[in-house]
Amino acid sequence: MPGHPIPSSPPSILEDTKKQVQKLEKLIEEHDVVYLLMDSRESRWLPTVIGRAKGKLILNAALGFDTFLVMRHGARPDKPITGEPTDGPRRDLGCYYCNDIVAPADSLTDRTLDQMCTVTRPGIASMAASTAVELMMSVLQHPEGIHAPAPKPPSATTPASVEEGEEGTSVLGLIPHQLRGYLAQFRNLHIVGAAYDKCTGCSETVLKAYETQGFDFMLKAFNDPKYLEQLTGLDKLFEEGEKALEDVEWAEEEDGDDF
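So, a few notes on the structure that sits alongside this text. Note that this is a predicted model, so its numbers are computed, not measured.

What counts and what doesn't
- Numbering of residues starts from 1 in each chain and follows the order in which that chain's sequence is written.
- Only residues with pLDDT of at least 70 get local features here, since the model is predicted, and only at 80 or more are side-chain atom pairs given and counted; chain-wide, interface and lining totals rely on the full set of residues.
- Each side-chain value is worked out from all heavy atoms of the structure, with water and hydrogens disregarded.
- Basic side-chain nitrogens of Lys or Arg form a salt bridge, by our definition, when they fall within 4 Å of a carboxyl oxygen of Asp or Glu.
- Here a strand is any run of E in DSSP of at least two residues, a helix any run of H or I of at least four, and the numbering for each starts at the N terminus.
- With a 1.4 Å probe rolled over the protein chains alone, any residue whose accessible area is under 20% of its type maximum counts as buried; one over 50% counts as exposed, and the rest are partly exposed.
- Strands qualify as paired when DSSP identifies two bridges or more between them.
- Throughout, nonpolar core names a set of buried Ala, Val, Leu, Ile, Met, Phe, Trp, Tyr and Cys residues whose side chains join them through atoms within 4.5 Å.
- Here a residue-residue contact requires only that any non-hydrogen atoms of the pair lie within 4.5 Å.

1. Things to note about the pattern of salt bridges
- Per the stated rule, a full pass over the model turns up seven salt bridges.
- For the salt bridge of Lys26 with Glu30, the shortest nitrogen-to-oxygen distance reads 2.5 Å. Highlighted residues: Lys26 and Glu30, both in helix α1 (residues 11-30), separated by four residues, approximately one helical turn.
- The exposure class of Glu30 is partly exposed, given its relative accessible area of 48%.
- Two residues, Glu167 and Arg91, come together in a salt bridge whose shortest N-O distance is 2.8 Å. Taken together, the residues Glu167 in the loop between α5 (124-140) and β4 (169-170) and Arg91 in helix α3 (residues 88-91) connect sequence positions 76 residues apart.

See the structure below:
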């Protein structure tokens, strides 16, 4: 996992890690669908990269206290994205890391048990799990499979169309990109998130590094918490943001009024 260095001594630890990675690659290669149901953010990174590179359907479920997220990771385009600009995001779908520009890092060390393992309402896990399975079935029933576009997000005036043949639907109904469930409100929210070209999980920069360097690439990500940011260019993005803030002249209120 990124942010969890692999000791070089004794050599058996490094060799064992390499064998575990090879086993994970083999398992993903031999299966059609990968479910990410882990308790930490960084543990989802490696199967995200491998699954995207190997063209697998990746389904992610994450839980909060009374909320959940179920999403399908966007597939690597096998041809250029075409269509109207407004349709692009619904076809070039992002992954779990696309909406978060912070690279995955160690979120487990020096944390209490309740910080490491999410405490949830009783019904959340079963709702998220069943939703993820239904989403898998809908994707597999679509003619384009893992490349199926997301439906247009519904609005208060325009509800989502679930008629077969509508873009973003299969014979089983809608094929959303992300579903955010709110148990306290008994409500689900459809969200579409476009792929990000600096994403640490699914960008072409990361995939090509994995495909050309293999385990050496993974080892750099495990051992160096800044490697993924440097590889994708996120570090320069952060620097530009900090520089822009430095150039801002902040007005000081003399009377202490915040408004």
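Once you've had a look at it, read on.
2. Things to note about the environment of Leu108
- Structurally, the position occupied by Leu108 is in the loop between α3 and α4 (113-116).
- Between the C-alpha atoms of Leu108 and Ser40, which are 68 residues apart in sequence, the distance is 7.5 Å.

3. Re the pairing of strand β3 (residues 67-72)
- Of all six residues in β3, five are buried; the element is thus mostly enclosed.
- Bridge count for strand β2 (residues 57-63) against β3 is five bridges, and the pairing is antiparallel. Each residue of the ladder has a partner; that of Asn60, found in β3, is Met71.
- Hairpin connection between β2 and β3: a loop of three residues separates the two successive antiparallel strands.
- As judged from the five bridges shared by β3 and strand β6 (residues 178-182), these two strands associate in the antiparallel manner. Within the sheet, the bridge partner assigned to Met71 lies in β6 and is Gln178.

4. Notes on the nonpolar core
- Counting residues in hydrophobic clusters, the biggest one holds 33 residues, and the most contacted among them are Trp45, Phe217 and Met218.
- Where this core is concerned, the elements lending two or more residues are α1, β1 (33-36), α2 (45-53), β2, β3, α6 (204-213), α7 (215-223) and α8 (227-232).
- Considering every element that reaches this core, the biggest residue donor is α7, with six residues.
- Those residues in contact with Trp45 that sit more than four places away from it in its chain are Pro2, Tyr97, Pro104, Thr200, Gly201, Phe217, Ala221, Phe222 and Leu228.
- Listed in part, the 15 residues of the second largest apolar core include Ile124, Ala132, Met136 and Leu183.

5. Topic: the side chain of Glu229
- Here Glu229 is to be found in helix α8.
- Excluding its chain neighbours within four sequence positions, the residues that come into contact with Glu229 are Ala103, Leu234, Asp235 and Phe238.

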